[in-house]
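The chain contents come next:
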Amino acid sequence: MKFMKLGSKPDSFQTEGDNIRYVATELATDIVVNVGDVKFYLHKFPLLSKSARLQKLVATTNDDNSDEIRIQDIPGGPAAFEICAKFCYSMTVTLNAYNVVAARCAAEYLEMYETVEKGNLIYKIEVFLNSSIFRSWKDSIIVLQTTRSLLPWSEELKVVSHCLDSIATKASIDTSKVEWSYTYNRKKLPSENGNDPHWNGMRKPQSVPKDWWVEDLCELHIDLYKRVISAIKTKERVSADVIGEALHAYALRRLPGFGKGMIQNGDVTKYRSLAETIMLLLPKEKGSVPCGFLLKLLRAVILLESGESERRELMRKIGQQLEEATVADLLIRAPADEATVYDVDIVQSLVEEFVTYEQNAHSDLPMEHEFQEVRSPSRMTSDASKAKVAKLVDCYLAEIAQDPNLLLIKFINLAEVVSSFPRTSHDGIYRAIDMYLKEHPGISKSERKRICRLMDCRKLSVEACMHAVQNERLPLRVVVQVLFFEQVRATTSAAGNSTPDLPGSIRSLLPGGSHGSSRSTTTNTEEDWDSVPTADDIRALKGELASLRLAAGNSDKNGNDGVKIDAEKVAAGKMKSVLMSKIFSKLWSSKDRSVEISSSDTSESPTPGSVAAEETKSTQSRSRRHSLS
């Protein structure tokens, strides 16, 4: 820290109690100066020789035959006046970054100009400020901090503006020219850890990080901090990401509990103003601030009940880079008056902001892009972002699905926002659906059917398929879909076809296809399709799929495509007959009617006897399942 000593005489100021100060000399004092609640017993001559204001005040008191004057509004109070008084007595006084502004403002108040006496206090302080303080990084920050209690004097004397310019200039300088000390405890450089490689047998010079100045500025009050950041931005030499890092560090320091995603009890008005100011200072460039920081800031403004316009603007920024977020970032607590644990509505709004941003970004492309190749780099980047957001939402849904008070409609609405996004796998949404079904066993068949429509069984991994076919929480139609697509994938991959076209016989078994020979049959069996399968149902279906796999495998070994197709049709026909027999046996109690329908539906099967046996077994299984439910 820089300092300057003024005067050469010993300090002879004495204290009596808390409110009396006097000069210990042989000469009796002839004037009393009241500064606030402190009385100074001094001598007129040394004071009047350097202060024009005291000359005027003493002249006024002489007219009133009084030796006492009163100064109530001097900036810096008794401490600053004492510095000026000691200078008048030529006593030793030390100026530094903590007291120099108070002394400068007090000297201005007392009118200690060069016109009164050469080498007066104002002149000496100005030299000290310009030659030392404003050239020092840390002293400039300290001085700027002290100016806040000395407004408007420090502003009018341009001390504030000089500090701002000094700090902004140093923060904007090339890092290779930084030669002063600074605080940097947030993270260590490789060279500071002793891990930096050597260059030609000698250690490389320690490099200065781009954000070297960030931590020191965290000491400033928010009003001054705002002005410093604005001044740095005006220089246009510091990148947006460094500005963003500075705001992040300041929020961590100044908002208690911010790092944990919560705001501790305290002055709500103060913290609200602080959070809103940080939002205003955020750089406009996308990606300049980590999405996690923006989401923490969103939590803060929600808890502090900031204005709606500020909240919407912050959500817009988050939506632009939502793919960078994590599930933990999105777990924002719901208001106290809501039954749910987390605020699902605000997450849905963020995802919708992302969708809007992506749509606008695509619509803003030049017209010639419409005639270029569909998989342009911008399109691929957009698809990659959408895939990340889809995965993020899937994981978020799996977390909130464990809330017993979460409404199905909120789960579905959020999932549908990203339903059209590209996904390599639907394992994430399947896991979320399964978690919801597990935690909400009382939902109706129609609700179970609706939530299961969110996933595409064709995009489940082998592991997910293995889990799904044994999942008794899924409707029968979903289990059938999973079984068929898993089988088709196995058989077609053996044949080298990565994009199989399902045979008509298999397609007819899928929900939404033809479940029987007439439209009325499909309508009548919808309830059965939406029922939850039992373990016996699943074993029967898997047994028939094994037959299909075996038949397809044999045909593949023989290299006969025609035989393979016939085997698929035969095995698929067997499965169709098993399923339809189970369904029809529930609708018609007449044994003859069941036999007639079974005979009609199994005309493709080469072994009607075995089909009849499976029909009886399946009917018993379905009967047991309904009796248990």
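Our subject is the structure that appears above.
Computed from a predicted model, the values in this text were never measured in an experiment. (Residues numbered from 1 in each chain as written. Predicted model: local features only at pLDDT ≥ 70, side-chain atom pairs only at ≥ 80, totals over all residues. Heavy atoms only, no water.)

(A) Spatial organisation of the overall build of the protein. The helix and strand tally for the protein stands at 29 helices and nine strands. Across the 629 residues of the protein, 49% fall into the buried class. The long-range share in the protein, meaning contacts at least 24 apart out of those at least 6 apart in sequence, stands at 71%. Summed over its atoms, the accessible surface of the protein is roughly 31700 Å², and 50% of this surface lies on carbon and sulfur atoms. (Helix = DSSP H or I, 4+ residues; strand = E, 2+ residues; numbered from the N terminus. Buried < 20%, exposed > 50% of the residue type's maximum accessible area, 1.4 Å probe, protein only. Contact = heavy atoms within 4.5 Å. Areas by Shrake-Rupley, 256 points an atom, 1.4 Å probe, with all protein chains shown as cover.)

(B) Molecular detail of the environment of Lys233. In this structure, Lys233 sits in helix 10 (residues 222-235). Separated by 61 residues in the primary sequence, Lys233 and Ser172 place their C-alpha atoms 9.0 Å from one another.

(C) Focus on the sheet that holds strand 6 (residues 68-71). Across the sheet, which stays open at both edges, the five strands sit in the order 2-3-5-4-6 with mixed pairing between neighbours. In this open sheet, the two strands that pair with only one neighbour each are strand 2 (13-16) and strand 6. Averaged over neighbouring strand pairs, the angle between their axes works out to 20° when direction is ignored. Across the sheet, helix 3 (residues 77-88) is in contact with strand 2, strand 3 (20-23), strand 4 (31-35), strand 5 (38-42) and strand 6; its angle to strand 5 comes to roughly 10°. (Pairing = 2+ DSSP bridges. Axes fitted to C-alpha atoms, helices over the stretch in contact; angles between N-to-C directions.)

(D) How the structure looks around the pattern of salt bridges. Counting across every chain of the model gives 19 salt bridges. The closest approach of N and O atoms between Glu155 and Arg227, which form a salt bridge, is 3.0 Å. Taken together, the residues span a long stretch of sequence, with Glu155 in helix 7 (residues 153-156) and Arg227 in helix 10 at a distance of 72 residues. Linked through salt bridges whose partners overlap, the residues forming this network are Asp11, Arg21, Glu82 and Lys86. (Salt bridge = Lys/Arg side-chain N within 4 Å of Asp/Glu carboxyl O.)

(E) Here's a closer look at the side chain of Ser12. As for its placement among the helices and strands, Ser12 is situated in the loop between strand 1 (3-6) and strand 2. Residues in contact with Ser12, not counting those within four places in the same chain, are Tyr22, Val23, Ala24 and Met91.

(F) Spotlight on the packing of aromatic side chains. Inspection of the entire model under this criterion finds ten aromatic pairs. For Arg53, the ring lying beneath its charged end belongs to Tyr109, and the centroid distance is 3.9 Å. The ring of Phe13 carries the charged tip of Lys86 above its face, separated from the ring centre by 5.7 Å. (Phe/Tyr/Trp six-rings, centres within 6.5 Å; stacked < 30°, edge-to-face > 60°. Lys NZ or Arg CZ within 6 Å of the ring centre and 35° of its normal.)

(G) Spotlight on helix 4 (residues 100-109). The buried count for helix 4 comes to ten of ten residues, which makes it a mostly enclosed element. Three or more residues of helix 4 are buried, namely Val100, Val101, Ala102, Ala103, Arg104, Cys105, Ala106, Ala107, Glu108 and Tyr109. Once helix 4 finishes, Glu111 follows within two positions and takes phi at roughly 60°, a positive value.

(H) Region of the structure containing the side chain of Ser51. Here Ser51 lies in the loop between helix 1 (44-48) and helix 2 (52-63). With relative accessibility at 1%, the residue Ser51 sits in the buried group. Looking at Ser51, its side chain comes within polar contact range of the main-chain oxygen of Leu110, at 2.6 Å. (Polar contact = N/O pair within 3.5 Å; in protein donor to acceptor, adjacent residues only side chain to side chain.)

(I) Region of the structure containing unusual backbone geometry. The omega torsion of the bond from Leu151 to Pro152 falls at 5°, within 30 degrees of zero and hence cis. Take Pro152: it is sitting in the loop between helix 6 (137-147) and helix 7. In this model, Lys158 sits at a positive phi of 65°, which is unusual for a non-glycine residue. One can find Lys158 in the loop between helix 7 and helix 8 (159-171). The backbone of Glu236 shows a phi angle near 60°, a positive value even though the residue is not glycine. Note that Glu236 resides in the loop between helix 10 and helix 11 (240-254).

(J) Highlighting the pairing of strand 2. In this sheet, strand 3 lies alongside strand 2 in antiparallel orientation, the contact comprising four bridges. If you follow Phe13 over to strand 3, its bridge partner there is Val23. If you look at the hairpin formed by strand 2 and strand 3, you'll find three residues sitting between the two strands, and Gly17 has a positive phi there, around 70°.

(K) How the structure looks around the nonpolar core. Formed by 162 residues in total, the largest nonpolar core has its most connected members in Leu42, Phe81, Trp213, Leu217, Tyr225, Leu298 and Phe411. Among the elements that take part in this core, helix 13 (residues 291-303) stands out by supplying nine residues, more than any other. Contact partners of Leu42, with chain neighbours within four places excluded, come to Phe13, Val23, Thr29, Asp30, Ile31, Val33, Leu47, Phe81, Ala85 and Tyr89. (Core = buried A, V, L, I, M, F, W, Y, C linked by side-chain atoms within 4.5 Å.)

(L) Highlighting the packing of helix 18 (residues 408-417) against helix 20 (residues 445-452). One can describe the packing of helix 18 onto helix 20 by two numbers: an axis separation of 10 Å at closest approach and a directional angle of 20°. Taken together, helix 18 and helix 20 sit at an angle that is classed as roughly parallel. When you trace helix 18 past helix 20, the crossing you get is left-handed. Residues Leu408, Ile409, Phe411 and Ile412 of helix 18 touch helix 20, and the partners they reach there are Glu447, Arg450 and Ile451. Across the contact of helix 18 with helix 20, the residue classes tally to five nonpolar, no polar and two charged. (Parallel < 35°, antiparallel > 145°, perpendicular 65-115°, else oblique. Left-handed = near helix turned anticlockwise from the far one by under 90°. Nonpolar A, V, L, I, M, F, W, Y, C, P; charged D, E, K, R; others polar.)

(M) Expanded view of the pairing of strand 4. Across the five residues of strand 4, five count as buried, placing the element largely inside the fold. Burial along strand 4 is two-sided: the face carrying Ile31, Val33 and Val35 and the face carrying Val32 and Asn34 are both buried. Where strand 4 lies against strand 5, five bridges are found, and the strand directions are antiparallel. The residue of strand 5 that forms the bridge with Ile31 is Leu42. Between strand 4 and strand 5, which follow one another and run antiparallel, lie two residues, and Gly36 among them has a positive phi close to 65°. Pairing geometry for strand 4 and strand 6, over four bridges, is parallel.

(N) Region of the structure containing the environment of Val393. Counting through the fold element by element, Val393 comes out in helix 17 (residues 377-400). Look at Val393 and you get buried, because its relative accessible area is 2%. Along the sequence, Val393 and Leu414 sit 21 residues apart, while their C-alpha atoms lie 7.9 Å from each other. In this structure Val393 touches Val351, Leu414 and Val418, once residues within four positions along its chain are discounted.

Such coordinate-based values are descriptive only and should not be taken to indicate function.
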